[in-house]
Amino acid sequence: MEYVDYYKVLGVDKSASTDDIKKAYRKLARKYHPDVNPNNKEAHKKFQEINEANEVLSDAENRKKYDQYGKDWKHAEEFEKARQQHGQRTYSGGGGEEYFGEGGQGDFSDFFESLFGGSGGRSGRRETKFRGQDYQAELHLKLREAYTTHQQTLTVDGKNIRITIPAGVENGQKIRLKGHGAPGVNGGPNGDLYITFIIEDDLRFKRLGNDLYTNAEVDLYTAILGGETTVETISGKLKLKVPAGTQNDTKTRVKGKGFPVYKKEGEFGDLYIIYKIKVPTQLSERERELFTELSKLR
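Residues numbered from 1 in each chain as written. Predicted model: local features only at pLDDT ≥ 70, side-chain atom pairs only at ≥ 80, totals over all residues. Heavy atoms only, no water.

**Student:** Explain the packing of aromatic side chains to me, please; I cannot follow it from the model alone.
**Tutor:** For any pair of aromatic rings, the description rests on two quantities: the centre-to-centre distance and the angle between the ring planes. If you walk through the whole model with that rule in mind, you get 5 aromatic pairs. Here Tyr-213 and Tyr-272 contribute two aromatic rings whose centre-to-centre distance is 4.9 Å and whose plane-to-plane angle is 10 degrees, an arrangement assigned as stacked. In this pair, Tyr-213 is assigned in strand E11 (residues 211-219) and Tyr-272 in strand E15 (residues 271-278), connecting sequence segments 59 residues apart. When its relative accessible area of 21% is taken as the criterion, Tyr-213 is described as partly exposed. Relative accessible area serves as the criterion here: at 18%, Tyr-272 is assigned to the buried category. Members of the aromatic cluster, each reached through a chain of ring pairs, are Tyr-6, Tyr-7 and Tyr-66. (Phe/Tyr/Trp six-rings, centres within 6.5 Å; stacked < 30°, edge-to-face > 60°. Helix = DSSP H or I, 4+ residues; strand = E, 2+ residues; numbered from the N terminus. Buried < 20%, exposed > 50% of the residue type's maximum accessible area, 1.4 Å probe, protein only.)

Shown next, in the form of structure tokens:
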């Protein structure tokens, strides 16, 4: 697996402060974001590298491990345990280790082999299997896309991955695609791909959990006298009865017409409709006379 220098990815020095790293990440993330480069595979790959670099370098503990172990920073604790149990060692940082214990070079216990899954190498050198790094990605969906189960194709390292997105995914929700991360080292398993869903705001509907909220205009006469009005929902139009004397901002609930519950087929939240009374403008002379008469009656 090709070694990626996270400092070079973000364009900062190894002595860069946490604020410097954050500023560099934000600047590059805006430049290479998939929304800005919708059909640019190189930009998508660069965006993934930027996210990986920021994930590691913005965390003090992860950064310390990365500075010491390079691309194998995730195995830092395992290295330390092995060192304590098997004496001194030098670490090459290139995917293999050379160990020098009390029993001489190549003196390993069964515990070490089971821990790392290593196999014997030439001249006493033992190469270790490492799991590939995980990838982090964002997938932007419109609210109406998240409403239905559908498929999308992602491109990762030049490969197309077709995934099924269940209805009801939430903003910020993360899923794991096993084995779709970076390749392992020395025959180790691939890493995983973690996808975070970003649900864009909708102009008509507001989502709170599994419930939806929307406004519906009602004319003045229907609000006063009662009647029916047609309301748009994500799944289609709905005819509702409006009680006489309905006030502005009256909220009514329609059970089961909200957002689908994630991975619970047939279950939905509720739809809350807020009535907005539409006051007529540009009245005719006759209408003014009638409203004037009404005002005198009350």
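**Student:** Help me understand the sheet that holds E15 in this model?
**Tutor:** Sheets are built from strands paired through backbone hydrogen bonds, the pairs being either parallel or antiparallel. One open sheet holds the 4 strands; their spatial order is E10-E11-E15-E14, and the pairing between them is mixed. For this open sheet the edge positions go to strand E10 (206-208) and strand E14 (251-254), each flanked by a neighbour on one side alone. The sheet shows a mean angle of 35 degrees between the axes of neighbouring strands, direction not considered. (Pairing = 2+ DSSP bridges. Axes fitted to C-alpha atoms, helices over the stretch in contact; angles between N-to-C directions.)

**Student:** How do you make sense of the layout of surface pockets when you look at a structure like this?
**Tutor:** Over the atoms a probe the size of a water molecule is rolled, and this reveals where empty space is left. Here the largest pocket is characterised by a volume of approximately 500 Å³. What lines the largest pocket is a set of 19 residues, and nearest its centre among them are Pro-34, His-44, Glu-138, Leu-139 and Leu-154. Sorting the residues of the lining of the largest pocket by element identifies helix H3 (41-57), strand E5 (135-141), strand E6 (150-156) and strand E9 (193-199) as the ones contributing at least two each. Top contributing element to the lining of the largest pocket by residue count: E6, with 5 residues. Residue classes in the lining of the largest pocket are distributed as 9 nonpolar, 7 polar and 3 charged. (1 Å grid on protein atoms, 1.4 Å probe; cavity = no way out; pocket = protein on both sides within 12 Å on 5 of 7 lines; lining within 4 Å. Points joined across faces, edges and corners; volume = space filled by probe spheres on them. Nonpolar A, V, L, I, M, F, W, Y, C, P; charged D, E, K, R; others polar.)

**Student:** Whenever I open this one, the pattern of salt bridges confuses me. Can you help?
**Tutor:** For side chains bearing opposite charge, pairing can occur when the charged atoms are close. Under the definition given, this model contains 10 salt bridges. In this structure, Asp-202 and Arg-144 form a salt bridge, with 3.6 Å as the shortest nitrogen-oxygen distance. Here Asp-202, found in the loop between E9 and E10, pairs with Arg-144, found in helix H7 (residues 143-146); they are 58 residues apart in sequence, far enough to count as distant. Classification of Asp-202 by relative accessible area gives partly exposed; the value is 23%. Put simply, Glu-232 and Arg-144 hold a salt bridge, and the shortest N to O gap is 3.9 Å. (Salt bridge = Lys/Arg side-chain N within 4 Å of Asp/Glu carboxyl O.)

**Student:** What exactly am I supposed to notice about the side chain of Thr-222 here?
**Tutor:** Mapped onto the secondary structure, Thr-222 falls in helix H8 (residues 220-225). When its relative accessible area of 12% is taken as the criterion, Thr-222 is described as buried. Setting aside anything within four residues of it in sequence, one finds Thr-222 in contact with Gly-227, Glu-228, Val-242 and Pro-243. (Contact = heavy atoms within 4.5 Å.)

**Student:** It is not clear to me how the sheet that holds strand E8 (residues 174-177) should be interpreted in this structure. Could you clarify?
**Tutor:** Spatially, E5-E9-E8 is the arrangement adopted by the 3 strands of the open sheet, whose pairing is mixed. Two strands close off the open sheet at either side, each with one partner strand: E5 and E8. Going from strand to strand, the sheet's axes swing by 30 degrees on average, the running direction of each strand aside. With 4 bridges connecting them, E8 and E9 associate as antiparallel partners. Considered in E9, the bridge of Arg-176 is made with Tyr-194.

**Student:** How should I be thinking about helix H4 (residues 60-69) in this particular structure?
**Tutor:** Since there are 3.6 residues in each turn of an α-helix, residues three or four apart along the chain are aligned in direction. Taken together, the buried positions of H4 are occupied by Asn-62, Arg-63, Lys-65, Tyr-66 and Tyr-69. Buried residues of H4 fall within an arc of 165 degrees about the axis and therefore sit on the same side. Away from its buried face by more than 90 degrees, H4 exposes Ala-60 and Lys-64. Structurally, the start of H4 carries an N-cap: the backbone nitrogen of Glu-61 is 3.1 Å from a side-chain oxygen of Asp-59. Looking at the residues trailing H4, positive phi occurs at Gly-70, about 65 degrees. (Arc of directions from axis to C-beta. Polar contact = N/O pair within 3.5 Å; in protein donor to acceptor, adjacent residues only side chain to side chain.)

**Student:** Help me understand the pairing of strand E13 (residues 236-242) in this model?
**Tutor:** Bridge analysis of strand E12 (residues 227-233) against E13 gives 7 bridges, and the strand direction is antiparallel. If you follow Thr-230 over to E13, its bridge partner there is Lys-239. The hairpin turn running from E12 into E13, its antiparallel successor, is 2 residues long.

**Student:** Help me out: how do you make sense of the nonpolar core in this one?
**Tutor:** Generally speaking, nonpolar side chains in soluble globular proteins are found buried as a group. Judged by nonpolar contacts, the single largest core of 37 residues is most densely connected at Leu-139, Leu-141, Ile-163, Leu-193, Ile-195, Phe-197 and Ile-273. Once residues within four sequence positions are removed from consideration, Phe-197 is found in contact with Leu-139, Leu-141, Ile-165, Val-169, Glu-170, Asn-171, Gly-172, Gln-173 and Ile-175. Judged by nonpolar contacts, the second largest core, of 18 residues, contains Tyr-25, Ala-53, Val-56 and Leu-57. (Core = buried A, V, L, I, M, F, W, Y, C linked by side-chain atoms within 4.5 Å.)

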